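Structure at a glance
The lines below spell out each chain.
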Amino acid sequence: MSNEPFVAAIAARLSSLHSVETTWCGCSLWSQLDMLFDLASTRRLEFPEANIPDLDQYKKVLGVVKKGIETRKEGSNDRGRFAALPYETVLAHNDLLSGNIMLKVSAGVDAPPEVMLIDFEYAARSERAYDIANHFCEYSGFDFDLENLFPSAERRRIFLEPYIRSCYPTEDLNADSINEAVTEMERALPLFCLLSNLYWGIWSIVRHGQSDVDFDYLEYSELRLAHGLEFHSNLFEIDLNEQ
């Protein structure tokens, strides 16, 4: 996902999804997380030989992350126009890995790329910044090679600029406005990256023993809960004990 026109097309399509007005009252991301933790606790009892980690430590991390997000969301009221944008609750895809993005066949060689988003199994009401942070985490693939594949601030901006412009289709935002909006998104993304690690790490524990897919869910859970949390807390200089 390093092709700039392709990245811009994904950003615009995701922004379009986030703009959908719906009366759907399905579970929010936060409600899903609570349910996943309950189910994971059951898996730990069902499979004692699997060495599933103590979940209390991750519940504490979830509490720290949630408090940090709530604090920053409340503080957004005192900042500029775009401060609340990352925290708006929208209809979110929440599983935007490369396999769920389809490139439409173009009618012409020079035509801009068009994409479709598929597989809305994990769609829910969640904050804009979570869906974007989760997408950035998916750059790292199933091997979760964060060191080499998690996008840099420069690469994140390649996505964020067209996303933000698509959020305001009737306005011609100037450079200062774009910079302000990108800064607000970047301010929000670190905690939502941690939240993505928690979600998929706990989800993987729940999937252990349930799925016929040839995939090591517990290994992936460790990648997200141990490596992912450590990587993002170090990258973004977040102290998970003092949020």
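Scroll up to find the structure this text is about.
The following paragraphs examine the structure supplied in this document. None of the values given here were measured: they were computed from a predicted structure.

Scanning the protein chain from N- to C-terminus turns up eight helices and four strands. Moving toward the C terminus, one meets the helices and strands of the protein chain in the order α-α-α-β-β-β-β-α-α-α-α-α. On C-alpha atoms alone, the protein chain measures out to a radius of gyration of 18 Å, which is about the 18 Å that the 2.2 N^0.38 rule sets for 243 residues. Across its three principal directions, the C-alpha atoms of the protein chain cover 55 × 45 × 40 Å. Buried positions account for 49% of the 243 residues belonging to the protein chain. Restricting to contacts in the protein chain with at least 6 residues of sequence separation, those with at least 24 account for 77%. When the accessible surface of the protein chain is split by element, carbon and sulfur atoms take 49% of a total near 12,400 Å². Seen as two clouds, the 21 positive and the 40 negative side-chain charges of the protein chain have centres 5 Å apart.

Its boundaries defined by the atoms lining it, the largest pocket holds a volume of some 340 Å³. If you list the elements that add at least two residues to the lining of the largest pocket, you get helix 7 (175-207) and helix 8 (217-235). In this structure, the second largest pocket encloses a volume near 150 Å³. In this structure, the second largest pocket is lined by Gln-32, Met-35, Leu-36, Leu-39, Glu-121, Tyr-122, Tyr-199, Trp-203, Val-206, Arg-207 and Gln-210.

Attention now goes to helix 4 (residues 128-138). Most of helix 4 sits out of view: 11 of its 11 residues are buried. By the burial criterion, the buried members of helix 4 are Arg-128, Ala-129, Tyr-130, Asp-131, Ile-132, Ala-133, Asn-134, His-135, Phe-136, Cys-137 and Glu-138.

The tally for this structure, following the rule as stated, stands at 16 aromatic pairs. Note on Phe-150 and Phe-236: the rings are 6.3 Å apart at their centroids and 80 degrees apart in plane angle, and the pair reads as edge-to-face. With Phe-150 in the loop between helix 5 (146-149) and helix 6 (153-167) and Phe-236 in the segment after helix 8, the pair connects residues that are 86 residues apart, well separated along the chain. Assessed through its relative accessible area of 9%, Phe-150 is described here as buried. Accessibility expressed as a relative area gives 18% for Phe-236, which makes it buried. Site record: aromatic cluster; members linked through ring pairs are Tyr-122, Phe-142, Phe-144, Tyr-199, Trp-200, Trp-203, Phe-215, Tyr-217 and Tyr-220. Over the ring of Tyr-168 we find Arg-81; its NZ or CZ atom is 4.9 Å from the centre of that ring.

With that out of the way, let us pick up the pattern of salt bridges. Per the counting criterion, the structure on display carries eight salt bridges. Residue Arg-43 is joined to Glu-46 by a salt bridge in which the shortest nitrogen-to-oxygen separation is 3.0 Å. Of the two residues, Arg-43 and Glu-46 both sit in helix 2 (residues 29-46), three residues apart, roughly one turn of that helix. By relative accessible area, which is 9% here, Arg-43 ends up buried. One salt bridge in this structure joins Glu-161 and Arg-157, with 2.6 Å as the shortest N-O distance. Here Glu-161 and its partner Arg-157 are both found in helix 6, four residues apart, which amounts to about one turn of the helix. In this structure Arg-157 comes out as partly exposed when scored by relative accessible area, which is 27%.

Relative to the 21 Å expected for 15 residues at 1.5 Å per residue, helix 6 spans 20 Å between its end C-alpha atoms, a close match to the ideal helical length. Inspection of helix 6 places Arg-156, Phe-159, Leu-160, Pro-162, Tyr-163, Ile-164 and Cys-167 among the buried residues, and these make up the whole buried set. Those residues of helix 6 that are buried lie in contact with helix 1 (4-18), helix 4 and helix 7.

Quick look at a negative patch on the surface now. Together, Asp-143, Asp-216, Glu-219 and Glu-222 make up a region of like negative charge exposed at the surface. Along the chain, Asp-216 turns up in the loop between helix 7 and helix 8.

Here we take up the nonpolar core. Ranked by internal contacts, the top residues of the largest apolar core, which has 73 residues, are Phe-159, Ile-164 and Leu-195. Of all the secondary structure elements, the ones that give two or more residues to this core are helix 1, helix 2, helix 3 (56-75), strand 3 (115-117), helix 4, helix 6, helix 7 and helix 8. Broken down by element, the residue count for this core peaks at 18 residues, all from helix 7. Beyond its immediate stretch of four places on either side in the chain, Phe-159 contacts Val-7, Ile-10, Ala-11, Leu-14, Ile-132, His-135 and Phe-136.

Parameters and conventions
Residues numbered from 1 in each chain as written. Predicted model: local features only at pLDDT ≥ 70, side-chain atom pairs only at ≥ 80, totals over all residues. Heavy atoms only, no water. Helix = DSSP H or I, 4+ residues; strand = E, 2+ residues; numbered from the N terminus. Rg over C-alpha atoms; globule rule 2.2 N^0.38 Å. Buried < 20%, exposed > 50% of the residue type's maximum accessible area, 1.4 Å probe, protein only. Contact = heavy atoms within 4.5 Å. Areas by Shrake-Rupley, 256 points an atom, 1.4 Å probe, with all protein chains shown as cover. Lys, Arg positive; Asp, Glu negative; His and termini not counted. Charge placed at Lys NZ, Arg CZ, Asp CG, Glu CD. 1 Å grid on protein atoms, 1.4 Å probe; cavity = no way out; pocket = protein on both sides within 12 Å on 5 of 7 lines; lining within 4 Å. Points joined across faces, edges and corners; volume = space filled by probe spheres on them. Phe/Tyr/Trp six-rings, centres within 6.5 Å; stacked < 30°, edge-to-face > 60°. Lys NZ or Arg CZ within 6 Å of the ring centre and 35° of its normal. Salt bridge = Lys/Arg side-chain N within 4 Å of Asp/Glu carboxyl O. Expected span 1.5 Å × (residues − 1). Patch = residues over 30% accessible without salt bridge, like charges linked within 9 Å, V, L, I, M, F, W, Y side chains within 5 Å. Core = buried A, V, L, I, M, F, W, Y, C linked by side-chain atoms within 4.5 Å.

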